[in-house]
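Given next are the chains, with one letter for each unit.
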Amino acid sequence: DTAVSQTPKYLVTQMGNDKSIKCEQNLGHDTMYWYKQDSKKFLKIMFSYNNKELIINETVPNRFSPKSPDKAHLNLHINSLELGDSAVYFCASSHGAKAFFGQGTRLTVV
Amino acid sequence: QQPVQSPQAVILREGEDAVINCSSSKALYSVHWYRQKHGEAPVFLMILLKGGEQKGHEKISASFNEKKQQSSLYLTASQLSYSGTYFCGTADNTDKLIFGTGTRLQVFP
């Protein structure tokens, strides 16, 4: 039974399109995150939610909008996709400070 | 600000030892270590909560010097399965988990 699951695993889309990535955790954690991992493998925090409330919003373009319908779900919607958005996006949840990651979504913008 | 790890990359033969360092410019409440194998998600290894604390996981151990805002990961008698990218993660008092720059470790037979 997967603890943190993301869908889709792969996403190939054209510039200008809008896409969403879904994330669900069944660990009962209050805190969820979105991270972006670029080609250099840097893991950069984008957003953090605690019990459905946004608590961290790093310097991320407005085209990225997280949505948390309940504390088990944190989805990421991206508008007007650009080439530079190509990366692997990881969802994670944490209890205290131990994080569990989803499998990642490899987004390729062409 | 992202913690800085050194070295950026390490190449080892099986059985050799390595040390990976993590340094932060901010005060730390905890340090975490994760390993990410190629094409997979990062996996939690251990967390250190107190200054001077040391912990171990298999033949991998770590120390945390709160005053120096540094942590080190020690890999002894490395195995092929240790290959991957290691990240330190640091948390401030808001539990904001920031990851270091990463250290790529390759172990060869």
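Each remark here, short or long, concerns the structure printed above.
Residues numbered from 1 in each chain as written. Chains lettered and ligands numbered in written order. Predicted model: local features only at pLDDT ≥ 70, side-chain atom pairs only at ≥ 80, totals over all residues. Heavy atoms only, no water.

Asker: Got a sec to walk through the side chain of S78 of chain B? Specific residues and values, please.
Answerer: Residues and elements named next belong to chain B. Within the fold, S78 resides in the loop between β8 (70–75) and β9 (84–91). You can call S78 buried: its relative accessible area is 3%. Excluding anything up to four places from it in sequence, S78 contacts L12, R13, E14, G15, E16 and V107. (Helix = DSSP H or I, 4+ residues; strand = E, 2+ residues; numbered from the N terminus. Buried < 20%, exposed > 50% of the residue type's maximum accessible area, 1.4 Å probe, protein only. Contact = heavy atoms within 4.5 Å.)

Asker: Which residues make up the interface of chain A and chain B, and what values do they have?
Answerer: Opposite the 17 residues of chain A that make contact, chain B presents 17 residues. With both chains or domains summed, chain A and chain B bury close to 1500 Å², and 62% of this area falls on carbon and sulfur atoms. The interface formed by chain A and chain B contains 0 salt bridges. Our count for the chain A to chain B interface comes out at 3 residue pairs in polar contact (both at pLDDT 80 or more). Residue composition of the side of chain A that touches chain B, grouped by class: 10 nonpolar, 4 polar and 3 charged. (Buried area = accessible area lost by both parts, 1.4 Å probe. Salt bridge = Lys/Arg side-chain N within 4 Å of Asp/Glu carboxyl O. Polar contact = N/O pair within 3.5 Å; in protein donor to acceptor, adjacent residues only side chain to side chain. Nonpolar A, V, L, I, M, F, W, Y, C, P; charged D, E, K, R; others polar.)

Asker: A description of the sheet that holds strand β3 (residues 19–25) of chain A should follow, citing residues and the corresponding values.
Answerer: All names here are of chain A. Spatially, the 4 strands line up as an open sheet ordered β1-β3-β8-β7, and their pairing is antiparallel. Two strands close off the open sheet at either side, each with one partner strand: β1 (4–7) and β7 (64–70). Neighbour to neighbour, the strand axes of the sheet diverge by 20° on average, direction disregarded. Two elements, β7 and strand β8 (residues 73–78), share 5 bridges in a ladder whose sense is antiparallel. Bridging from a neighbouring strand, S65 pairs with H77 of β8. (Pairing = 2+ DSSP bridges. Axes fitted to C-alpha atoms, helices over the stretch in contact; angles between N-to-C directions.)

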